[in-house]
Amino acid sequence: MAGTIEERIEEILRALKGRHPGQEEFMQAVEEVLVSLKPLFENQGEEDYLGAFSVIAEPERVIKFRVQYPTFGPEGAELHTTTGYRVQFNSALGPYKGGLRFHPSVSESIIKFLGFEQIFKNALTNLPIGGGKGGCVFDPKGKSDSEVRMLCEHFMKGLYRHIGPNLDVPAGDIGVGGREIGYMYGEYVRLKGQPDMGVLTGKSTDFGGSKLRPEATGYGLVYITLEALKKYNHYRYLPEERRAGVAENCFKGLKVLISGSGNVAQFAAQKVMELGGQVCSFSDSTGTITSTEGFSEDQLKELFHLKNVKRGRVSEMSTAEGLEYHAGKSVWELGLNCDIALPSATQNEITLEGAKNLAAGGCWCVAEGANMPTTNEAVDYLKTKVDIYIPAKAANAGGVATSALEMAQNSARLFWSSEEVDEKLNGIMTNIFATAYKTAQEFDRPWDLQFGANAAGFLKVYKAYKAMGYLKF
Ligand code: NDP
Ligand code: 2IT
């Protein structure tokens, strides 16, 4: 095809936008990967990576279904109707795999952006999983357990005919954790008339779940950050007086900002603290809670209880012991000092302004726990300011990787111990870092993990699609 690389990139984006009008987040995610891959396109030789990209950016299948569910308020019962989505984006490497999101902001665009990212993330794990994502508009805040159960059951009524252990294996995401997976699995079994554990991951260990799946995304985020700290020799960034003991314990003395207070944030914090780091913030959609000296173990326990049992707001944390609550503010607006930032709430939470605050506050490492938490312009800015930027597709892959380990255990009809799963998870995260770093190095940009992760993930899918004959006339 004629034209410069820039012209072809523009053309791919224009065509995709024409086929998927008004889907901003999806376009943002595609543009991020497409533009970052320029060094690959410039060296494509006989291959047509750009042509392949335009194929891979189109979902293999988009499923939409009606979901009706009741709520029971003070005025009586009400029936709600919403749209359920499952985007089966790419099956080159295995069954479609990715979470389900229940949140008021869900749209087809959000699910497509998440499904698109999932393809490359899953490829990086080196496990046999394709990419997919699903969900619906639903606000779990203030809903009773029965209302949540009924939504889950009604969602599964629409979804069950489209999924299966060898076809498509959903899991959790925002608003979907162990409780919701349990209710959805229960309904799946009822509808199919037989158990089939491998159809969902993130199940409780009471009925087929893997040890350490709840912890996996947060722990994995910290494991890959450790790999980066080792590789880039982070000690040199620390002032002399803070270096004592760091060699034995990589997080010792490091100040870490975490956003969100859900699954990813909680277990990232737990691992950072276990490794000696100071976690100085958590947040939710109503505000941020900070601690200058770092949250204590008791305070972390309180947060776990607040979020997983009471299902309350971070504003309800007892502020007596040095905690401060900032109503309506995100972590990144506050201009806090830190060494490491682990955004773990939602997409586009770090804007250019937030990125500038981070740089001004001395942050030198950003590792993304959430999917696409940083706007494209903020990523470009951060890459010129911080020493280590680990993009979501690499940094938060521990969750889906452990989901794939759950699938393997379910197929083999056995269970591994926590130690076995933890060792495998650590190995996978180490390998993802090494793959992204090596790919970046091969293109003479060893600092550019955004390029390294995107290129390594893309090339795996490209090779599979090419071999399957999907890229030829
Ligand atoms: P949870 O539902 O457990 O927690 C989400 C957290 O983020 C909550 O604190 C929530 O606050 C906050 N949040 C969500 N949406 C918004 C918003 N629009 N504005 C401000 N805060 C918001 O989800 P997870 O921890 O599982 O997911 C967090 C991120 O990590 C997401 O981007 C998800 O895609 C990603 N991720 C999750 C994985 C997993 O295994 N769970 C794996 C890989 C990535 P509130 O309660 O007020 O809404
Ligand atoms: O974004 C993600 O990788 C997830 N929400 C986890 C998906 C999964 O299938 O475990």
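Attention in this report is confined to the structure presented alongside it. The residue numbering used here restarts from 1 in each chain and proceeds along that chain's sequence as written. The order in which chains are written sets their letters, starting at A; the order in which ligands are written sets their numbers, starting at 1. The predicted nature of this model means local features are confined to residues of pLDDT at least 70 and side-chain atom pairs, given and counted, to a pLDDT of 80 or more, with totals for whole chains, interfaces and linings taken over all residues. Calculation of side-chain values draws on the structure's entire complement of heavy atoms; hydrogens and water are dropped beforehand.

Examining the site of ligand 1
Put simply, the test is: The nearness test applies per residue and asks whether one of its heavy atoms lies within 4 Å of the molecule or strand. By the criterion applied in these results, polar contacts are pairs of N or O atoms within 3.5 Å in which, for protein atoms, one can donate a hydrogen and the other can accept it, and in which residues neighboring in sequence qualify only through two side-chain atoms. Each accessible area is a Shrake-Rupley estimate made with a 1.4 Å probe; only the visible protein chains count as cover when residues are assessed. Strands here are runs of E lasting at least two residues and helices are runs of H or I lasting at least four, both read from the DSSP assignment and numbered beginning at the N terminus. Three residue categories are used. Nonpolar comprises Ala, Val, Leu, Ile, Met, Phe, Trp, Tyr, Cys and Pro, charged comprises Asp, Glu, Lys and Arg, and polar comprises the others, including Gly.
The environment of ligand 1 is formed by 25 residues, the closest being Asp173, Thr217, Ser285, Arg313 and Asn371. The contact in question runs from a nitrogen atom of ligand 1 to an N or O atom on the side chain of histidine 103, over 3.3 Å. In the environment of ligand 1, an oxygen atom lies 2.9 Å from a nitrogen or oxygen atom belonging to the backbone of asparagine 263. Its free accessible area being 880 Å², ligand 1 has 83% of it covered by the protein chains. Elements with a contribution of two residues or more to the shell around ligand 1: helix H8 (213-231), helix H9 (263-274) and strand S8 (281-284). Residues belonging to the shell around ligand 1 are distributed by class as follows: four nonpolar, 14 polar and seven charged.

Focus on unusual backbone geometry
Glycine aside, a negative phi is what most residues show, and trans is what most peptide bonds show. Heads up, the condition is: Burial here depends on accessible area, computed with a 1.4 Å probe over protein chains only, as a share of the maximum for the residue type. Under 20% is buried, over 50% is exposed, and the range in between is partly exposed.
One non-glycine residue with positive phi stands out, namely asparagine 126, at about 65°. In this fold, asparagine 126 is placed in the loop between helix H5 (108-124) and strand S4 (131-136). Positioned with a positive phi, leucine 212 is a non-glycine residue whose angle comes to about 70°. Along the polypeptide, leucine 212 turns up in the loop between helix H7 (178-192) and H8. Overall, the relative accessible area of 13% leaves leucine 212 in the buried class.

Considering the packing of helix H6 (residues 145-159) against H7
What counts is decided by this rule: To get an axis, a line is fitted to the C-alpha atoms, and for a helix only the part in contact is used. The angle between two axes follows their N-to-C directions and goes from 0 to 180 degrees. Angular relationships are summarised with four words: roughly parallel below 35 degrees, roughly antiparallel beyond 145, roughly perpendicular across 65 to 115, and oblique for the angles in between. We call a crossing left-handed when the near helix sits turned anticlockwise from the far one by less than a right angle, and right-handed when that turn is clockwise. In what follows, residue pairs with any heavy atoms lying within 4.5 Å of each other are defined as contacts.
Packing of H6 against H7 leaves a shortest axis separation of 8 Å and a crossing angle of 45°. Our classification of the angle between H6 and H7 gives oblique. In this structure, H6 meets H7 at a crossing whose hand is right-handed. Facing H6, whose interface residues are Asp145, Val148, Arg149, Cys152, Glu153, Phe155, Met156 and Lys157, H7 presents Arg179, Glu180, Tyr183, Met184, Glu187, Tyr188, Arg190 and Leu191. Classifying every residue of the contact of H6 with H7 gives eight nonpolar, no polar and eight charged.

Some words on helix H12 (residues 376-385)
We count it as follows: Think of the arc as the fan of directions from the helix axis to the C-beta atoms.
For H12, the complete set of buried residues consists of Ala378, Val379 and Leu382. Taken end-on, H12 shows its buried residues confined to a sector of 100°, consistent with a single buried face. Relative to its buried face, H12 has exposed residues pointing more than 90 degrees away, namely Glu377 and Thr384. The elements touched by buried residues of H12 are helix H11 (352-360), strand S12 (365-367), strand S13 (388-390) and helix H16 (449-467).

Structural notes on the sheet that holds strand S6 (residues 255-258)
Counted only if it meets this: Strand pairing is assigned whenever DSSP identifies at least 2 bridges connecting the two strands.
Across the sheet, which stays open at both edges, the five strands sit in the order S7-S6-S11-S12-S13 with parallel pairing between neighbours. At either end of the open sheet lies a strand with only one pairing partner, and these are strand S7 (278-279) and S13. In this structure, S6 lies alongside strand S11 (residues 340-342), joined through three bridges in parallel fashion. Paired with isoleucine 258 across the bridge in S11 is leucine 342.

Some words on the pattern of salt bridges
Stated precisely, the cut-off is as follows: What counts as a salt bridge is simple: a side-chain nitrogen of Lys or Arg found within 4 Å of a carboxyl oxygen of Asp or Glu.
Scanning the entire structure with this criterion turns up 28 salt bridges. A salt bridge links glutamate 187 to lysine 157, with the shortest nitrogen-to-oxygen separation between them at 2.7 Å. One end of the pair, glutamate 187, is in helix H7; the other, lysine 157, is in helix H6, and 30 residues separate them in sequence. A salt bridge links lysine 203 to glutamate 406; the nearest nitrogen and oxygen atoms lie 2.8 Å apart. With lysine 203 in the loop between H7 and H8 and glutamate 406 in helix H14 (residues 397-412), this residue pair connects regions lying 203 residues apart in the sequence. Given a relative accessible area of 0%, glutamate 406 falls into the buried group. Connected through salt bridges with shared partners, the residues Arg149, Glu153, Lys157, Glu187 and Arg190 form a single ionic network.

Section: the nonpolar core
Selection criterion: Put simply, buried Ala, Val, Leu, Ile, Met, Phe, Trp, Tyr and Cys residues joined by side-chain atoms within 4.5 Å make one nonpolar core.
Residues Phe251, Ile258, Phe282, Ile340, Leu342 and Ile390 are the most contacted members of the largest nonpolar core, which totals 57 residues. Looking at this core element by element, the count peaks at nine residues for H8. Sequence-distant contacts of leucine 342, that is, excluding residues within four places in its chain, are made with Leu221, Thr225, Val256, Leu257, Ile258, Ser259, Ala268, Val272, Trp332 and Ala367.

Thoughts on the sheet that holds S4
Sheet strands pair by backbone hydrogen bonding; their relative direction is either parallel or antiparallel. Taken together, the five strands give an open sheet; going across it, the order is S1-S2-S4-S3-S5, and neighbouring strands pair in mixed fashion. Each of the sheet's edge strands pairs with one partner strand only, and the pair in question is strand S1 (61-73) and strand S5 (168-171). Looking at each pair of strands side by side, their axes are set apart by 20° on average, direction ignored. Across 13 bridges, the pairing between S1 and strand S2 (residues 76-90) is antiparallel. Across the sheet, residue isoleucine 63 finds its bridge partner in S2, namely arginine 86. Its contacts with the sheet place H5 against S1, S2, strand S3 (96-102) and S4, and it is angled at close to 150° to S4.

Considering the site of ligand 2
Close to ligand 2 lie 14 residues; Lys97, Gln118, Lys121, Asp173 and Ser403 are nearest. Contact between ligand 2 and glycine 172: a nitrogen atom at 3.0 Å from a main-chain N or O atom of the residue. Here arginine 213 contributes a side-chain N or O atom positioned 2.9 Å from an oxygen atom of ligand 2. Summarising the interface, the protein chains cover 94% of the accessible area of ligand 2, which totals 300 Å² for the free molecule. Put simply, the parts of the chain that give the shell around ligand 2 at least two residues each are S3, H5 and H14.

With respect to the environment of isoleucine 340
Within the secondary structure, isoleucine 340 is located in strand S11. Given a relative accessible area of 0%, isoleucine 340 falls into the buried group. Here the alpha-carbon distance between isoleucine 340 and leucine 358, two residues 18 residues apart in the chain, equals 9.2 Å. Among residues more than four places away in sequence, those in contact with isoleucine 340 are Thr225, Leu229, Phe251, Leu254, Lys255, Val256, Leu257, Cys363, Trp364 and Cys365.

Structural notes on the packing of aromatic side chains
The geometry of an aromatic ring pair comes down to the distance between the two centres and the angle between the two planes. The condition is simple: A pair of Phe, Tyr and Trp rings is counted when the ring centres sit within 6.5 Å of each other, with Trp represented by its six-membered ring. The angle between the planes then sorts it: under 30 degrees is stacked, over 60 is edge-to-face, the rest tilted. Over a ring means this: the NZ of a Lys or the CZ of an Arg is within 6 Å of the ring centre and within 35 degrees of the ring normal.
Applying the stated criterion across every chain, the model contains 23 aromatic pairs. Look at phenylalanine 65 and phenylalanine 155: their rings are 5.2 Å apart centre to centre, the planes differ by 65°, and that puts the pair in the edge-to-face class. Placement of the pair is phenylalanine 65 in strand S1 and phenylalanine 155 in helix H6, with a sequence separation of 90 residues. Note on phenylalanine 443 and phenylalanine 451: the rings are 5.0 Å apart at their centroids and 65° apart in plane angle, and the pair reads as edge-to-face. With relative accessibility at 22%, the residue phenylalanine 443 sits in the partly exposed group. One aromatic cluster is present, formed by Phe26, Tyr49, Phe53, Phe89, Phe116, Phe120, Phe458 and Tyr462 through successive ring pairs. Across the ring face of phenylalanine 138, the terminal group of lysine 143 is positioned such that the distance to the ring centre comes to 5.2 Å. When the ring centre of tryptophan 416 is taken as origin, the NZ or CZ atom of lysine 424, which lies over that ring, is 4.5 Å away.

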